[in-house]
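Architecture and fold: a report
Next come the chains, spelled out residue by residue.
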Amino acid sequence: MAKDVILSADLGGTPLSPDELAAVPALSGIRKEIWGKFPGAIARKEFAPGEVIFRQGENGTTAFLLLEGAVEISLNRMLLAPVERRERSRESGIGSLLRYLKGTPARTANGRTRTHIPVDGAVDLPVDNPIGRVEAGELFGELSALAALKQDRLKRAKFYPRPATARAATPVTVLEMLPNILNNVLYNAPAFKEKLNTNYRTRALDTHLRSVPAFQSLSGEFLDHLRSRVDLVDYQPGQVIFQQGDPSNAFYLIRLGFVKVSQQFAGGEMVLAYLSRGSYFGEMGILPAGVRVRATGLEKGQASDVLVYDEAVQCGRAPKGAAVLSTPWDSAISRSHFEMQVEGDKLRVAQLASGKNPLIYKDQARTSFVAGAGEQFRVGDTTFEVLGDTASQGVRNTTVTAMDYVQCVLIKREDFLEMLDRFPDVRSEVVQVARARRRADLNTVNRVQLVSLESFLDQELMQGQNLLLMDLDRCTRCDECVQACIKTHDDGVSRLFRDGLRFDRYLVATACRACLDPLCMTQCPVGSIRRKETLDIVIEDWCIGCGNCGRDCPYGAINIVPLTGRAEDGSIAVAPKATVCDLCAEYDEPNCVRACPHDAAIRIEPKTFFARDLSGVRLTATIAGTEALTGRQALERTQLQSGLMSLAGLVPRVEVRNGPKAGSTLPLKHPETVFGRANECDYLFTAQEGVSRRHCRIFSREGKFIIQDLGSANGTYVNGEPVTERELSDGDTLLLGQVEAVFLAGQVQ
């Protein structure tokens, strides 16, 4: 197997005996007997200045301990500069207009971008000049080595690519080691770990913190203060770093590896993000919480939530602003009706001049008032409830789990708060990011509150948050959508292919689905694939084309293509790069949709769009109580759990209270569900239960559920009354012959 090959590899160089290893100063404190268990697992190698130790993109399974000299770590520049991008940047306004007419409108601002690229070493490389330096006593290449240990667990022989090139800057002596040495010996040797941590604190902590945009303004004095106070902690694959509901006592900066951020809700776990080196987490439970406001109309599906902080949030049928609460269903609410703002731990609500109808608070018309958690107010037919945010101060609102071998810098709560107090710029940036994350999390949670039909789930469309559909009744196969995609991107490569799964009259085109659980983000060695606050998946220019993301995408939406770029010497070169649909992140709308002359191409949020068919799911999978899983199996189980376990409480259903089926849940089907003894019925009962061959049916009409008796011998009863046809309400009791049941409407519109 892959792991056996890795652990028996011939390193070359000069193999060292246990006596020789015990004499190496950098390895002092490790008993000689331990080295005897791993013969041939470490070799000494020497490199002349300019000689390459390993190259970017090569499969790597070993780590290096630098004993003498200095090593330059660099990223191949030709991957960063597509020729077309540089040429287009010099176009005139007329050129921009022509591009729009051809299908490529002007870009919009992207906001703050990353300043450093994480690589497999103690340094991060600046984006504008990706070159760094590793000094004696430091490890490099360890990410590739540790990832190699996971091959058996992942059930695939895929080695981890080197994210950058390592070249001797001076005469260099290194110890090259197999991954079992790194994990089983060095990381378990307190003296060696302390040396690594001391080197990190002294040489790399400053650069690592300042590589995060939020922390660029930290002073040298404060970094010196932090240096001895931070903890450097390690986690094994699958280990939980903290649980949802735990006290928020620290802030974490990822030094090595990947973590999964997830949230538990009724019915399962939902993955919110994957984070890698250069990212941070744990800030939300330390920062002051906001106030969550939920608007609810009279009809099912008329609901919307928003988080309110110290900046005003506007509410109305068409409100304006970055954070708004939209209530398009209620004509009694003006387009911009009122605004809300946190005041202490309560909510200040103030009617705007454009708001026509009064705010009803405590049965009185008000223009301004302060409401606390648990209180309500009303406008028209819409009720607004003030809720405490689940990310309340001092409590974790997510669970974070190590995806592989993870090392983190842990900053204690009191030091983190001191940093925010002393550096207003840092506080402003961290608060802004935390609020954006929290709102994105809330939007993601809201998107999984409806379920889909069986074939929808079978095709894994439930994972998608944004699907590109082609209405085959309207599509003329003119290819304008594909051509618009090609013209949108500087590299001239389409991210859209008119092929894929069929659902009803729709083609689910092969394009990024912005998955709830984006597996593509879990193995990037340079952190070039990321999720924006808008949930779009974006691949940055420093992608090295290793192909990990493409192999991990279950839907074939990521492709590795040869792109033309400029090398450092200005020459034209070809290099591989991953491409993915980013939903036209730099534009106001997806250009494939805008370019379609027949309105056949549409971008949809799947569970809302397919709500008309949300009543055909058979709940037969059992997830709870299964054995503990790790690696890719755990990821797949997470998808299944978030897809199935959340359905039971959401789908419209009948719950049987007596007889042989007592305790059974019978999800309703579209367009109707028939109950009886005949084989063609959807749910079968026995003659002993007093049920006729075709006893009754429940069907949907104009968004309401109707029960109709089909001429049964013993009748159909609702709340004790015999019925021929009657509209059902949530909680109605049913009697079919002798079968007692209750109707539950779920959350389907």
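These numbers come from a predicted model, not from an experiment.

1. A look at the overall build of the chain
Helix and strand content of the chain: 18 helices and 51 strands. Across the chain, contacts joining residues at least 24 apart in sequence account for 67% of those joining residues at least 6 apart. Here the chain has roughly 31800 Å² of accessible surface; of this, 47% comes from carbon and sulfur atoms.

2. So, the environment of Glu-385
Inspection of the secondary structure puts Glu-385 in strand 30 (residues 382-388). With eleven residues separating them in the primary sequence, Glu-385 and Gly-374 have C-alpha atoms 6.7 Å apart. Those residues in contact with Glu-385 that sit more than four places away from it in its chain are Arg-292, Val-293, Arg-294, Glu-375 and Gln-376.

3. Points about the pairing of strand 30
Bridge count between strand 20 (residues 291-296) and strand 30: six bridges; the pairing is antiparallel. Within the sheet, the bridge partner assigned to Arg-294 lies in strand 30 and is Glu-385. Where strand 29 (residues 376-379) and strand 30 come together, four bridges link them in antiparallel fashion. Opposite Val-379, over in strand 30, you have Thr-382 as the bridge partner. Hairpin connection between strand 29 and strand 30: a loop of two residues separates the two successive antiparallel strands, and Gly-380 in this loop has a positive phi of roughly 60°.

4. A few points about the sheet that holds strand 41 (residues 653-656)
The strand order across the open sheet formed by six strands is 42-41-51-50-47-48, and the pairing between neighbours is antiparallel. The open sheet has two edge strands with one neighbour each: strand 42 (665-667) and strand 48 (721-722). The pairing of strand 47 (residues 716-718) with strand 50 (residues 733-736) spans three bridges and is classified as antiparallel. Across the sheet, residue Thr-716 finds its bridge partner in strand 50, namely Leu-736.

5. Quick look at the pattern of salt bridges
One pass over the full model with this rule turns up 19 salt bridges. Taking the shortest distance from any N to any O, the salt bridge between Glu-72 and Arg-167 comes out at 3.8 Å. Taken together, the positions of Glu-72 in strand 6 (residues 70-74) and Arg-167 in strand 12 (residues 165-168) put the pair 95 residues apart, joining distant regions of the chain. Overall, Arg-167 belongs to the partly exposed group, its relative accessible area being 27%. Ionic pairing is found between Arg-227 and Asp-224, a salt bridge with its closest N-O pair at 2.5 Å. Linking Arg-227 with Asp-224, this pair stays in helix 10 (residues 220-227), spanning three residues, or about one helical turn. Since its relative accessible area comes to 15%, Arg-227 is described here as buried. A relative accessible area of 47% means that Asp-224 is categorised as partly exposed. In this structure, a network of salt bridges that share partners links the residues Glu-221, Glu-418 and Arg-422.

6. A short note on helix 14 (residues 480-488)
Residues Cys-481, Val-482, Ala-484, Cys-485 and Thr-488 constitute the buried set of helix 14. Buried residues of helix 14, seen end-on, are gathered within an arc of 160° and therefore sit on one face of the element.

7. Description of the confidence of the model for the chain
On average, the chain scores 76 in pLDDT, and the residues at 70 or more come to 76%. A low-confidence stretch, residues 79-112 stays under pLDDT 50, and its non-local contacts, those more than four residues away or across chains, total 65 contacts. Contacts for the low-pLDDT stretch residues 611-649, under 50 throughout, to residues beyond four places or in other chains number 88 contacts.

8. Focus on the packing of aromatic side chains
Using the criterion set out here, one finds 18 aromatic pairs in the structure. Ring centres of Phe-54 and Phe-140 lie 6.0 Å apart, and the angle between their planes is 40°; this geometry places the pair in the tilted category. One end of the pair, Phe-54, is in strand 3 (residues 52-54); the other, Phe-140, is in strand 10 (residues 139-140), with 86 residues separating them in the sequence. Residue class for Phe-54 comes out buried when judged on its relative accessible area of 6%. Ring centres of Tyr-361 and Phe-369 lie 4.3 Å apart, and the angle between their planes is 5°; this geometry places the pair in the stacked category. Like Phe-369, Tyr-361 is buried. Here the aromatic cluster, defined as three or more aromatic residues joined through ring pairs, consists of Phe-338, Tyr-361, Phe-369, Phe-377 and Phe-384. Directly above the aromatic system of Phe-54 lies the positively charged group of Arg-162, at a separation of 4.3 Å from the ring centroid. It is Arg-255 that lies over the ring of Tyr-200; its NZ or CZ is 4.3 Å from the centre.

9. A look at the packing of helix 10 against helix 11 (residues 413-422)
Two quantities define a packed helix pair, namely the angle between the axes and the distance from one axis to the other. The contact between helix 10 and helix 11 brings their axes to 12 Å, and the two run at 175°. Our classification of the angle between helix 10 and helix 11 gives roughly antiparallel. Along its contact with helix 10, which presents Glu-221, Phe-222, His-225 and Leu-226, the element helix 11 presents Asp-415, Glu-418, Met-419 and Arg-422. In terms of residue class, the contact of helix 10 with helix 11 is built from three nonpolar, one polar and four charged.

10. Comments concerning the state of the cysteines
As enumerated under the stated definition, the model contains zero disulfides in all. This cysteine, Cys-549, is not joined by any disulfide, and Cys-543 carries the nearest cysteine sulfur, 6.1 Å off.

11. Describing the side chain of Gln-314
Relative to the helices and strands, Gln-314 resides in strand 22 (residues 313-316). Polar contacts involving the side chain of Gln-314 include one to the main-chain amide nitrogen of Lys-320, which spans 3.0 Å. Residues in contact with Gln-314, not counting those within four places in the same chain, are Pro-319, Lys-320, Ala-323, Val-324, Leu-325, Ser-336, Phe-338, Glu-339 and Leu-352.

12. Here we look at the pairing of strand 25 (residues 346-351)
One ladder, built from six bridges, connects strand 24 (residues 338-343) with strand 25; its direction is antiparallel. In the sheet register, Met-340 faces strand 25, and the bridge partner there is Val-349. Joining the antiparallel neighbours strand 24 and strand 25 is a turn of two residues, in which Gly-344 adopts a positive phi near 70°. In terms of strand pairing, strand 25 meets strand 28 (residues 368-371) through four bridges, oriented antiparallel. Counted as the bridge partner of Leu-347 is Ala-371 from strand 28.

Calculation rules
Residues numbered from 1 in each chain as written. Predicted model: local features only at pLDDT ≥ 70, side-chain atom pairs only at ≥ 80, totals over all residues. Heavy atoms only, no water. Helix = DSSP H or I, 4+ residues; strand = E, 2+ residues; numbered from the N terminus. Contact = heavy atoms within 4.5 Å. Areas by Shrake-Rupley, 256 points an atom, 1.4 Å probe, with all protein chains shown as cover. Pairing = 2+ DSSP bridges. Salt bridge = Lys/Arg side-chain N within 4 Å of Asp/Glu carboxyl O. Buried < 20%, exposed > 50% of the residue type's maximum accessible area, 1.4 Å probe, protein only. Arc of directions from axis to C-beta. pLDDT = per-residue confidence, 0-100. Phe/Tyr/Trp six-rings, centres within 6.5 Å; stacked < 30°, edge-to-face > 60°. Lys NZ or Arg CZ within 6 Å of the ring centre and 35° of its normal. Axes fitted to C-alpha atoms, helices over the stretch in contact; angles between N-to-C directions. Parallel < 35°, antiparallel > 145°, perpendicular 65-115°, else oblique. Nonpolar A, V, L, I, M, F, W, Y, C, P; charged D, E, K, R; others polar. Disulfide = S-S within 2.5 Å. Polar contact = N/O pair within 3.5 Å; in protein donor to acceptor, adjacent residues only side chain to side chain.

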